[in-house]
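# Notes for the structure review
Residue strings, one per chain:
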Amino acid sequence: MPKQYRVKCHETDAACRGLVKFNNSIFAVNGLLPGETARIELVYGKDRKSTTARLADVEIPSPFRTKPFCEAFPRCGGCTLQHASYEAQLAMKQAAAKKLLGEFAPVGKIIGMETPYHYRHKVHATFYRSRRGMELGIYEENTHKVITVPDCAIQNKTANAILHTLRRLADEFRLPAYNEDTGTGLLRHVLIRCGYATGQVMVVLVLANTNFPGRNHFMEKLKTAHPEITTIIQNINRKKTSMVLGESETVLFGNGYIEDELCGLRFRISSKSFYQVNPAQTEILYRTAIDFAGLTGKEVVLDAYCGTGTIGLIAAGKAADVIGVESNDAAVRDAGVNAQENQVKNARFLKGDAAEYMMHVAKDKAERPDVVIMDPPRSGASEQFLRALVEAKPSRVVYVSCCMETLARDLKVLEKGGFKVEKVQGVDLFGWSGHVECVVLMSRVEK
Ligand code: SAH
């Protein structure tokens, strides 16, 4: 048996893992809560830095410790916080936000979900065959092993029901699952998107090739079992890759997209466009961002990393002009259609790299925005983007971020560049996971 060490946890890190000091090092331990005394085991890596610690046993549990509700916990890796009450999760997220961002400005109390279950409206699962027949599951964290999570408690219930039907139909039609090692087989993944306000449902079946015996019959049976499905897309991914979607798509049923409503506007979402997975909390997130922007109707707003144009279009009602920039083709096309469909005339969307557009704007005074709302991916904004943003001198910047570490890094750069961080607000979009979404308001202090 590996040697065990007794430790006490006082705080958690940005991913809500318990931090413990041991052997002059600090370890982040999954499943450990502040206030707990526990025994850990060391998992030795190549060197001191890559050595990690694993929770062996909790000796004195926190009053906020709860019994995990899912049989796939913790292997699945999606919900890393099932050992903590929802209140405790929010407290850990708040503490992390304060630790990482509190040096910049006051941090508002994180806005939690009313009910932290079945909130994920985008669901992805991988086909594989086990002895019991076809399964639909997810990759166990950091491995290529697929595990089944029956009726996942954070996924939309309709999506869960569709997963069951797909498994059953795959067996009935004797369809082979794709085998990663040999590159043979047919069924690879399924992606399901459910509209929160509209109830529209998209099913994207990702196949290794087009050789699908009985395809039409299969689709008819799927539609009959789930009349709520409004569109079915066949996506072909022939490559040996961990990317889910391939390039070629054929719409088999419906119009190839779903619509949803957020903050009173209607949005079109294609299979490849980014769209927040938790629409109820997204409304709160967007309202906070637009409130922070302090719009009076006169401002030119840049919506950088705009996706399908959601934030920009909602802001357009309170701004003079909105320009959105987005690098994903499908998303920016959706954004253009969304502007038209919502009859928003003062917004336009450009396909391109946000940094390049920012550099262009910084050079041309006439194009400079008054307010920049930015919502980059987890990696944060690039150095070029931040440099150009400083040069463009907008009066206010609203930074929407899903990664506090890159956010803190970028805020430092912007502070040096003459912006003052005014306030920080966390919104919980991902209950039971360690992720936190934050909105930050900055204003320009130098002329
Ligand atoms: N604001 C949107 C999307 C946020 S996700 C929403 O709330 O729905 C981040 C978006 O940035 C994605 O749509 C991604 O395609 C886009 N993106 C990533 N890198 C980019 C870059 N360098 N330039 C422009 N857009 C980028």
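Just so it is clear, the structure is predicted and the values come from calculations on it, not from any experiment. (Residues numbered from 1 in each chain as written. Predicted model: local features only at pLDDT ≥ 70, side-chain atom pairs only at ≥ 80, totals over all residues. Heavy atoms only, no water.)

## Comments concerning the overall build of the chain
The helix and strand inventory of the chain stands at nine helices and 22 strands. Across its three principal directions, the C-alpha atoms of the chain cover 70 × 60 × 40 Å. In the chain, the proportion of contacts linking residues at least 24 apart, taken out of those at least 6 apart, comes to 64%. Just so you have it, the chain exposes about 21000 Å², and 50% of that area is on carbon and sulfur atoms. The distance from the centre of the 59 positive side-chain charges to the centre of the 50 negative ones in the chain is 3 Å. (Helix = DSSP H or I, 4+ residues; strand = E, 2+ residues; numbered from the N terminus. Contact = heavy atoms within 4.5 Å. Areas by Shrake-Rupley, 256 points an atom, 1.4 Å probe, with all protein chains shown as cover. Lys, Arg positive; Asp, Glu negative; His and termini not counted. Charge placed at Lys NZ, Arg CZ, Asp CG, Glu CD.)

## Some details on the site of the ligand
Neighbouring the ligand are 15 residues; Tyr-286, Glu-326, Asp-353, Ala-354 and Asp-375 lie closest to it. Interatomic distance of 2.6 Å between a side-chain N/O atom of Glu-326 and an oxygen atom of the ligand. In this structure, a nitrogen atom belonging to the ligand sits 2.7 Å away from a side-chain N or O atom of Asp-353. For the ligand, whose free accessible area comes to 570 Å², the fraction covered by protein is 85%. (Near = heavy atom within 4 Å. Polar contact = N/O pair within 3.5 Å; in protein donor to acceptor, adjacent residues only side chain to side chain.)

## Things to note about the domain arrangement of the chain
Quite often, the size of an interface is put as the accessible area lost when its parts meet. Here the domain parsing of the chain yields domain 1 (4–99), domain 2 (102–114 + 278–444) and domain 3 (122–261). Between domain 1 and domain 2 lies a buried interface of about 1400 Å² when both sides are counted; carbon and sulfur atoms form 60% of it. Ranking the residues of domain 1 by area buried against domain 2 places Tyr-86, Lys-93 and Gln-94 at the top, with a combined share of 39%. Here domain 1 is connected to domain 2 by one salt bridge. Among the ionic pairs, Asp-428 bridges to Lys-93, the shortest N-O distance being 2.8 Å. (Domains from an automatic or database assignment. Buried area = accessible area lost by both parts, 1.4 Å probe. Salt bridge = Lys/Arg side-chain N within 4 Å of Asp/Glu carboxyl O.)

## With respect to the sheet that holds strand E22 (residues 437–444)
The seven strands are arranged E18-E17-E16-E19-E20-E22-E21 in an open sheet whose pairing can be described as mixed. In this open sheet, the two strands that pair with only one neighbour each are strand E18 (347–351) and strand E21 (419–427). Taking the axes of each pair of neighbouring strands and ignoring which way they run, one obtains an average angle of 15° across the sheet. Across four bridges, the pairing between strand E19 (residues 371–374) and strand E20 (residues 396–401) is parallel. When the bridges of E20 are listed, Val-372 appears paired with Val-397. (Pairing = 2+ DSSP bridges. Axes fitted to C-alpha atoms, helices over the stretch in contact; angles between N-to-C directions.)

## Topic: the sheet that holds strand E1 (residues 4–8)
The sheet built from three strands is open, its strands ordered E1-E5-E6 with antiparallel pairing. Strand pairing shows two members of the sheet lacking a second neighbour, E1 and strand E6 (52–60), which therefore form its edges. The sheet shows a mean angle of 35° between the axes of neighbouring strands, taken without regard to direction. Sheet analysis places strand E5 (residues 37–43) next to E6, joined by seven bridges and oriented antiparallel. From the neighbouring strand, Thr-37 faces E6, where its bridge partner is Ile-60.

## Section: the packing of aromatic side chains
One pass over the full model with this rule turns up nine aromatic pairs. Ring plane angle 65° and centroid distance 5.8 Å describe the contact between Phe-69 and Tyr-117, whose orientation is recorded as edge-to-face. Of this pair, Phe-69 sits in the loop between E6 and helix H1 (86–101) while Tyr-117 is found in the loop between H1 and strand E7 (122–130), placing the two residues 48 residues apart along the sequence. Residues Tyr-305 and Phe-385 carry aromatic rings whose centres are separated by 5.4 Å and whose planes lie at 55° to one another, so their mutual orientation is tilted. Within this pair, whereas Tyr-305 is found in the loop between strand E16 (300–304) and helix H5 (310–316), its partner Phe-385 is found in helix H8 (residues 383–392), the two being separated by 80 residues in sequence. Accessibility classification places Tyr-305 together with Phe-385 in one group, the buried group. Three or more aromatic residues link up through ring pairs in this structure, and these residues are Phe-69, Tyr-86, Tyr-117 and Trp-432. Over the ring of Tyr-178 we find Arg-188; its NZ or CZ atom is 3.9 Å from the centre of that ring. (Phe/Tyr/Trp six-rings, centres within 6.5 Å; stacked < 30°, edge-to-face > 60°. Buried < 20%, exposed > 50% of the residue type's maximum accessible area, 1.4 Å probe, protein only. Lys NZ or Arg CZ within 6 Å of the ring centre and 35° of its normal.)

## Considerations on unusual backbone geometry
Geometrically, the link from Phe-73 to Pro-74 is a cis peptide bond, its omega value of 0° lying close to zero. Tracing the sequence through the fold places Pro-74 in the loop between E6 and H1. Not every positive phi belongs to a glycine, and Asn-23 is a case in point at roughly 55°. In this structure, Asn-23 sits in the loop between strand E3 (18–22) and strand E4 (25–29). A positive phi is found at Arg-174, a non-glycine position, where the angle reads about 50°. With respect to the secondary-structure elements, Arg-174 resides in the loop between helix H2 (157–172) and strand E10 (187–194).

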